[in-house]
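Examination of the molecular architecture
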Amino acid sequence: MKDNKITATQWTIWIITALLGPIIFFAKGDWFGTLIVGCVFTALSWVVCRYGKHWRGSVYCIFQIVWISILLSQLLLNSADCWPTAQKPIPIIPITMLLLAGAAALKGEKSAANGVGVLFWVASVLLGAVIISGIGDVKLSFLSPTQQLQSNWFILAFLLPASVSFIKRENSSVIPFIAVVLIAVSICLWIGGILSAEVAKDIAWPFYEAAKSVQLLDIAQRLEALVSVGVTVGYYALFSLLLCEVGSIGKIMGHELGAIAASTIISVCLVLSRIRIGLVVIFAACMIFWVILPLLGTLKTKNIE
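About the thresholds
- Residues numbered from 1 in each chain as written.
- Predicted model: local features only at pLDDT ≥ 70, side-chain atom pairs only at ≥ 80, totals over all residues.
- Heavy atoms only, no water.
- Helix = DSSP H or I, 4+ residues; strand = E, 2+ residues; numbered from the N terminus.
- Expected span 1.5 Å × (residues − 1).
- Buried < 20%, exposed > 50% of the residue type's maximum accessible area, 1.4 Å probe, protein only.
- Core = buried A, V, L, I, M, F, W, Y, C linked by side-chain atoms within 4.5 Å.
- Contact = heavy atoms within 4.5 Å.
- Patch = residues over 30% accessible without salt bridge, like charges linked within 9 Å, V, L, I, M, F, W, Y side chains within 5 Å.
- Areas by Shrake-Rupley, 256 points an atom, 1.4 Å probe, with all protein chains shown as cover.
- Salt bridge = Lys/Arg side-chain N within 4 Å of Asp/Glu carboxyl O.
- Phe/Tyr/Trp six-rings, centres within 6.5 Å; stacked < 30°, edge-to-face > 60°.
- Lys NZ or Arg CZ within 6 Å of the ring centre and 35° of its normal.
- Axes fitted to C-alpha atoms, helices over the stretch in contact; angles between N-to-C directions.
- Parallel < 35°, antiparallel > 145°, perpendicular 65-115°, else oblique.
- Left-handed = near helix turned anticlockwise from the far one by under 90°.
- Nonpolar A, V, L, I, M, F, W, Y, C, P; charged D, E, K, R; others polar.

**Describing helix 7 (residues 175-195)**
The end-to-end C-alpha distance of helix 7 is 30 Å, a good match for the 30 Å that 21 residues give at a rise of 1.5 Å each. In terms of burial, helix 7 is a largely internal element, 15 of the 21 residues being buried. Count one or two residues on from helix 7 and you reach Ser-196, which has phi positive near 85°.

**Description of the nonpolar core**
If you look at the biggest cluster of nonpolar residues, it comprises 99 residues, and the most contacted ones within it are Leu-71 and Trp-290. The biggest single contributor to this core is helix 10 (residues 224-252), with 14 residues. With residues near it in sequence (within four places) discarded, Trp-290 still touches Val-48, Gln-64, Trp-67, Leu-71, Leu-156, Leu-159, Leu-160, Ala-162 and Ser-163.

**Some details on the side chain of Gln-64**
Checked against the element boundaries, Gln-64 lands in helix 3 (residues 58-80). If we skip the residues at most four places from it in the chain, Gln-64 touches His-54, Ile-249, Phe-289 and Trp-290.

**Some remarks on a nonpolar patch on the surface**
The grouping of Val-174, Ile-175, Ile-178 and Leu-182 at the surface amounts to a nonpolar patch, some 380 Å² of accessible area in total. Relative to the helices and strands, Ile-175 resides in helix 7.

**Things to note about the packing of aromatic side chains**
By the definition in use, this model includes 11 aromatic pairs. Of note, Arg-50 hangs over the ring of Tyr-51, and the distance from its end group to the ring centre comes to 5.5 Å.

**Focus: the environment of Ile-187**
As for its placement among the helices and strands, Ile-187 is situated in helix 7. Ile-187 gets classed as buried once you look at its relative accessible area, which sits at 4%. Ignoring any residue separated from it by four or fewer positions in sequence, one finds Ile-187 in contact with Ile-23, Ile-24, Ala-27 and Phe-207.

**Topic: the side chain of Thr-42**
Locating Thr-42 in the fold gives a position in helix 2 (residues 31-51). Looking at Thr-42, the relative accessible area reads 5%, which means it is buried. Look past the residues within four positions of Thr-42 in its chain and what remains in contact with it is Val-37, Phe-158, Phe-177 and Val-181.

**Thoughts on the packing of helix 4 (residues 92-106) against helix 10**
At a minimum axis distance of 8 Å, the contact between helix 4 and helix 10 shows a crossing angle of 45°. Classified by the angle their axes make, helix 4 and helix 10 are oblique. At the point where helix 4 passes helix 10, the crossing takes the right-handed sense. Contacts between helix 4 and helix 10 involve Ile-93, Pro-94, Met-97, Leu-98, Leu-100, Ala-101, Gly-102, Ala-104 and Ala-105 from the first element and Thr-232, Tyr-236, Phe-239, Ser-240, Leu-243 and Cys-244 from the second. When the residues that make up the contact of helix 4 with helix 10 are grouped by side-chain class, the tally is 12 nonpolar, three polar and no charged.

**Quick word on the environment of Leu-242**
With respect to the helices and strands, Leu-242 occurs in helix 10. Looking at Leu-242, the relative accessible area reads 0%, which means it is buried. Here the alpha-carbon distance between Leu-242 and Val-164, two residues 78 residues apart in the chain, equals 7.0 Å. Aside from chain neighbours lying at most four places away, what touches Leu-242 is Ile-68, Leu-71, Leu-72, Leu-75 and Ser-163.

Structure (structure tokens):
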């Protein structure tokens, strides 16, 4: 990677855009549970980004790269579901997004962040149009707090920023983390207000279903395509974020470009093989690699000092 210098504003936009995909895809109508879970796990993610330290042994770095590659393959399989009416034997759109994200990561974090900065506005316009158009359909009587649990994937979205703690710590502002929680709660309020939390919990993709009933400016209907494009853009930002992390890890071993290329190839191969891993395993691995080990690394450094 050529240039790793990104600004705090770019970091904020990157984080928000990257988490739009999984949050919109997995959000249900439980806004109160989202607020609680989001605050806890987002705060944990920020602490890791701000203070965590990675173990720098080659073996650990290799395990990290392999794990991120596996996670990317699972995210790719999930993002393929963003186009419910275009199911294909081979998920062409997600694989294309991953290859483009890999190409951006090879050019450096700054280049990737610049690209995501443009896509942020694309996703904001598309998804914002749908959300604003549906505000009139929100029923306040549907918005009473519920006690249902969110999915592991949804909770995992709040932890994803912790995976990129190699990115400059001076950019680890608390602003993107607060913004992510507010966005997640707002989306859950929107879904719950249109469908109700009771109905939304039994639907695979509640936001998409809610969008079917939305009419844009009393003219356009069937806004699902806007949702699919906006979420796909978010997943692209997430892929580029994780691949830039792979490059940062590879840099420790002196093979950052090779690490990005290898991770991309491994992820595509796993997607083509259609291997799916249980959510409990994925969540546990993320907690180990992104939270527990980085915090232990901080304690280890303090003990040495």
